[in-house]
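Breakdown of the fold
This is what each chain is made of:
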Amino acid sequence: MIRLGTRGSALALAQSQRVADSIAARTGEEVELVRITTHGDVSTAPLASMGGVGVFVAAVRESLLAEECDVVVHSLKDLPTTPHPGLMVAAMPKRADARDAAIVRDGIALADLPAGSKVGTGSPRRQAQLRRRFPDLEVVELRGNVDTRLARVLGREAGAAADGSPIEAMTADLDAVILAAAGLERLGRLDVVTEYLGIDGWPTAPGQGALAVETRRDLSGPLKKALLALDHRSTRLAVEAERAVLRRLEAGCSAPLGAHAFIDGDMMFLASRVYSPEGDQVSSAHALYIDDADDPAEDLAARVADELLANGAAELAPLGGDK
């Protein structure tokens, strides 16, 4: 039996189950999900005030190091950029949709919301993007699981969750929320999406839409072979470039920064944007031939990060935090 550690939220369980099914298919072994509660799951404080870095992963990693599980799954955008000395990311499965999605009351577009409408998000990056594009809207700090966030726009009747626990009724008090499209897809909730926010105008968090499958460094046997087969090279290259920008800027994973890389043929493209809390921004974009660099992700990230710093990113945004 292979034990897979995961946070206990509906989204974490859904994406971990997909990885578990892939491992089971490749090893022929049963995979058991081990639920782990993290600080980020129990705290109601704004993400930025908790530091953002590692609040959803520390307890999961501790369980892995204590050999209470054999492998763990993280949302890559939550994973600190500094590697853990005793652990390794053994696989990054093929990335899902990296875009953000808007869920707006009455199915209208964000641009059609009247002045003063309330839009909820817990992400400093999304907050800055909203303030830049729609200064007449009111941006509201938002925490909670996906269902709770959706209920703030769509409302919710009292009932019971899948595990039988009671769910309180909730009256909609927001006009829109912004969520990751990948999370909604994994939960089967794409039906609520009003519009998808394009990467060019709304660059997303480094690693958004991707998963990290982490193990101890002494991994061996059928599990190691299965994870090697599960790893998606193009996803890993792109995500490593995005996360290298984050690391080079010494920015935590809650920093108001967007980055997105993609591979087209033998070239990799990387663009990044850093925001002030009010929505001012600096940006940089570069490309290189993958075969021309010993470490294309690091080389490309260095070009982008250096240009961002030269353009004033450190003065614009709260950088220099934990990584």
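Residues numbered from 1 in each chain as written. Predicted model: local features only at pLDDT ≥ 70, side-chain atom pairs only at ≥ 80, totals over all residues. Heavy atoms only, no water.

Side note on the overall build of the chain
For the chain, the count of helices and strands is 10 helices and 15 strands. Against the compact-globule benchmark of 20 Å for 323 residues, the chain has a radius of gyration of 20 Å, which places it among compact chains. At a minimum sequence separation of 6, the contacts of the chain that also span at least 24 residues come to 68%. As displayed, the chain has an accessible area near 14,400 Å², and 47% of this comes from carbon and sulfur atoms. Between the averaged position of the 35 positive side-chain charges in the chain and that of its 47 negative side-chain charges there is a distance of 1 Å. (Helix = DSSP H or I, 4+ residues; strand = E, 2+ residues; numbered from the N terminus. Rg over C-alpha atoms; globule rule 2.2 N^0.38 Å. Contact = heavy atoms within 4.5 Å. Areas by Shrake-Rupley, 256 points an atom, 1.4 Å probe, with all protein chains shown as cover. Lys, Arg positive; Asp, Glu negative; His and termini not counted. Charge placed at Lys NZ, Arg CZ, Asp CG, Glu CD.)

Focus: the packing of helix α1 (residues 10-27) against helix α7 (residues 221-230)
At a minimum axis distance of 9 Å, the contact between α1 and α7 shows a crossing angle of 120 degrees. Taken together, α1 and α7 sit at an angle that is classed as oblique. Classified by chirality, the crossing of α7 by α1 is right-handed. Contacts between α1 and α7 involve Val19, Ser22, Ile23, Arg26 and Thr27 on the former and, on the latter, Pro222, Leu223, Ala226, Leu227, Ala229 and Leu230. (Axes fitted to C-alpha atoms, helices over the stretch in contact; angles between N-to-C directions. Parallel < 35°, antiparallel > 145°, perpendicular 65-115°, else oblique. Left-handed = near helix turned anticlockwise from the far one by under 90°.)

Some points on the packing of helix α8 (residues 233-248) against helix α9 (residues 296-310)
Where α8 meets α9, the axes come as close as 8 Å, and the angle between the chain directions of the two elements is 40 degrees. Accordingly, the angle class assigned to the pair α8 and α9 is oblique. When the axes of α8 and α9 are compared, the crossing they make is right-handed. Here α8 contributes Leu237, Glu240, Ala241, Ala244, Val245, Arg247 and Arg248 to the contact with α9, which in turn contributes Pro296, Ala297, Glu298, Ala301, Ala302, Val304, Ala305 and Leu308. For the contact of α8 with α9, the class distribution of residues is 11 nonpolar, no polar and four charged. (Nonpolar A, V, L, I, M, F, W, Y, C, P; charged D, E, K, R; others polar.)

Digging into the sheet that holds strand β13 (residues 257-264)
With antiparallel pairing, three strands are arranged side by side in an open sheet as β13-β14-β15. Both outer strands of the open sheet, β13 and β15 (281-289), are each paired with one neighbouring strand and no more. Here the strands of the sheet are splayed against their neighbours by 10 degrees on average, with no regard to which way each runs. Both strand β14 (residues 267-275) and β15 contribute to a ladder of nine bridges, which runs antiparallel. When the sheet's bridge partners are listed, Phe269 is paired in β15 with Ala287. Most of the contacts of helix α4 (residues 124-133) go to β14, to which it runs at about 75 degrees, and overall it touches β13, β14 and β15. (Pairing = 2+ DSSP bridges.)

Digging into the pairing of strand β10 (residues 176-180)
Burial of β10 is extensive: five of the five residues sit out of reach of the surface. Judged by which residues are buried, β10 turns out to be covered on both faces: Ala176, Ile178 and Ala180 on one side and Val177 and Leu179 on the other are all buried. Here strand β5 (residues 100-104) pairs with β10 via five bridges, running antiparallel. Counted as the bridge partner of Ala101 is Leu179 from β10. Here strand β6 (residues 118-120) pairs with β10 via two bridges, running parallel. Following the sheet pairing, Val119 is matched in β10 by Ala176. (Buried < 20%, exposed > 50% of the residue type's maximum accessible area, 1.4 Å probe, protein only.)

Description of the environment of Tyr289
Structurally, Tyr289 is set in strand β15. Overall, the relative accessible area of 42% leaves Tyr289 in the partly exposed class. Those residues in contact with Tyr289 that sit more than four places away from it in its chain are Asp266 and Met267.

Topic: α8
Over its 16 residues, α8 extends 22 Å from the first C-alpha to the last, a length consistent with the 22 Å expected when each residue adds 1.5 Å. The complete set of buried residues in α8 reads Thr235, Arg236, Leu237, Ala238, Val239, Ala241, Glu242, Arg243, Ala244, Val245 and Leu246. Packed against the buried residues of α8 are β4 (87-91), β13, β14 and α9. Phi turns positive, to about 55 degrees, at Glu250, one or two residues after α8. (Expected span 1.5 Å × (residues − 1).)

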